[in-house]
Each structure stands twice: as structure tokens, then as C-alpha cells.
Amino acid sequence: MAVDRPGAQQWVPAGGGLEQLRTAADGCQGCELHGPATQTVFSTGSPLARVALVGEQPGDAEDRAGVPFVGPAGGLLNRALDAAGLDRGTCYVTNAVKHFRFTPTPKRRLHQTPDLAHLQACRPWLRAELAVVDPEIVVCLGATAARALFGPTFRVTRQRGQLYPRSARRPDPALVQSGWLMATVHPSAVLRATDSDAAFDALVRDLAVAAQALVSG
Ligand code: URA
Ligand code: SF4
């Protein structure tokens, strides 16, 4: 199926603050994902946040609520943040792709991983919001967010929990202004893991690295 993907850039207001970005993103038609989804799910959190958490895309619950990480993965994320000593209320929480991509089935809407083309189409929003927030550390939750911020060669399994300075940032240095970038697994992967206690502990250890980076400046 040929799809029209102009990308989000033409919807992004120049020099906008978070509220302007959020309002403008409601009308984004930068790729075909806006069609079947309920609404744009932009972000939560303050422009003063020191930590930004970047997920993949809204899930079913988030698509209905219009808020990121409110479903089962969000519940697990909250528990992991607590255990790592990070207060979700002080984090900026967003996704690499702002619309829910799914396959409809008679029973439910099945999550479909966004393609590289969707990441690219939605990238102007991520770039604009991270420019406004300019967090000290950006944590990619899962392989899709890591792909958006580190590029295609990054491997979460091998490189999770490691702090990367600005100079290592690919594919788009403009995506993050300053500070650190790191990746860990997606909270959904913890929910699916055979040994979910061990997977949870490993996620907490990675998030604790982020918390420690803030402390050590
Ligand atoms: N998974 C994500 O990556 N983001 C959300 O907002 C919810 C689930
Ligand atoms: Fe725009 Fe991103 Fe939604 Fe595509 S997924 S329509 S680029 S906000």
C-alpha cells in the first residue's frame, strides 16, 4: 500500500513551548498513523524536567486516554522508577511515535511496532520537545526509542544501562541538546519476560544509573 508520509515538520510551530507543541501535534497528519488512531498522545511532564523518558508509541490504553504510559506498561514503569529513586512526577514522559499503530482484530487492537518511516516522520516532534525540555538525561525505553535516538546499530541487549555523552549521539545530534543519553528495555518486555522479577530488577538497575547521573551532575 502506498502511503503518503510528508513527516511532521510542517505541523511543528517554530519557537513553540510545550503547550504550543502539544496543541499543534493534535492536528498532525505527518504520516498515515493519525487516521485509525483515536488521538495524538504527546507527553506529560514539565519543561523543567531533568530526566526525559522516551517510549515507543502509545498503546491501546494510552490511545484512549491521550496520555503516555497509563496502561500496564506504565504501571510497571512507575514501580521501577520508584524503586530506582526517580519520581515520575519530575520526569518528562514521551514516545518516539505519537500515534498508536495497530492491527484491528475482532477482539482487540493488536499493537504493531512502528517502522523506521514512522520514526522518521515523527522525529520533528521529538526533536522540538527535547529542545524545549533540554533534559540532563534522556532514557530510551526499548529498542524502538533507542533506534530513534541512537540509530540502527545500537543494541539494547548489549548496550543497556550505559551512559553515552553528547558526542556519541546519532543519528541526529540535534535531538538532544546536552547531558547524557542511555537506553534500557521497554517495560512491556519486563511484563512478558519469563523471569519477570529478574527483568524488573535489571530495569531498576538501569534506571538507577540514570538517577545517579543526575546526582553526580
Ligand atoms: N508503551 C510505550 O512505549 N509508550 C506508551 O506510552 C505506552 C506503552
Ligand atoms: Fe504525526 Fe507522528 Fe502521528 Fe505520524 S505518528 S501523524 S508523524 S504525530
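Structure: above.
It should be emphasised that the depicted structure is a prediction, and the values quoted were computed from it without experimental measurement. Each chain carries its own residue numbering, running from 1 in the written order of its sequence. As they are written, the chains are lettered A onward and the ligands numbered 1 onward, keeping that order. Residues qualify for local features only when their pLDDT is at least 70, as the model is predicted, and side-chain atom pairs are given and counted only at 80 or more; totals for whole chains, interfaces and linings, by contrast, use all residues. For the side-chain quantities, the full set of heavy atoms in the structure was used; hydrogens and water were omitted.

Here we look at the pairing of strand S6 (residues 137–141)
Reasoning step 1: Working definition: with a 1.4 Å probe on protein chains only, accessible area under 20% of the residue-type maximum means buried, over 50% means exposed, and in between means partly exposed. Each helix corresponds to a stretch of at least 4 residues labelled H or I by DSSP, and each strand to a stretch of at least 2 residues labelled E; elements are numbered beginning at the N terminus. Among the five residues in S6, five count as buried, and that is most of the element.
Reasoning step 2: Relative to S6, strand S2 (residues 51–55) runs parallel, the two being bridged by four bridges. Across the sheet, residue Val54 finds its bridge partner in S6, namely Cys140. The rule for pairing is simple: two strands pair if DSSP sees at least two bridges between them.

Some details on the sheet that holds strand S8 (residues 180–184)
Reasoning step 1: The six strands lie next to each other as S1-S3-S2-S6-S8-S7, forming an open sheet whose pairing is mixed. Of all strands in the sheet, those with a lone pairing partner are strand S1 (43–44) and strand S7 (164–165), marking the two edges.
Reasoning step 2: With two bridges connecting them, S7 and S8 associate as antiparallel partners. Following the sheet pairing, Tyr164 is matched in S8 by Leu181.

Quick notes on the side chain of Lys98
Reasoning step 1: The topology assignment puts Lys98 in the loop between strand S3 (91–95) and strand S4 (102–104).
Reasoning step 2: Two N or O atoms count as a polar contact when they lie within 3.5 Å, although within protein this holds only if one can serve as hydrogen donor and the other as acceptor, and sequence-adjacent residues are included solely when both atoms are side-chain atoms. A polar side-chain atom of Lys98 sits 2.5 Å from the main-chain carbonyl oxygen of Asn95.
Reasoning step 3: Residue contacts follow a heavy-atom distance rule, with two residues in contact if any of their heavy atoms lie within 4.5 Å. Apart from the residues within four sequence positions on either side, Lys98 is in contact with Gln39, Thr40, Val41, Phe42, Pro58, Cys122, Trp125, Leu126 and Glu129.

Description of the side chain of Thr94
Reasoning step 1: Relative to the helices and strands, Thr94 resides in strand S3.
Reasoning step 2: Since its relative accessible area comes to 0%, Thr94 is described here as buried.
Reasoning step 3: Here Lys98 takes part through its side chain, which lies 3.1 Å from a polar atom of the side chain of Thr94.
Reasoning step 4: A polar contact is formed between the side chain of Thr94 and the side chain of Glu129, at a distance of 2.9 Å.
Reasoning step 5: With sequence-adjacent residues up to four places away left out, Thr94 is seen in contact with Phe42, Ser43, Leu53, Val54, Gly55, Phe69, Leu126 and Glu129.

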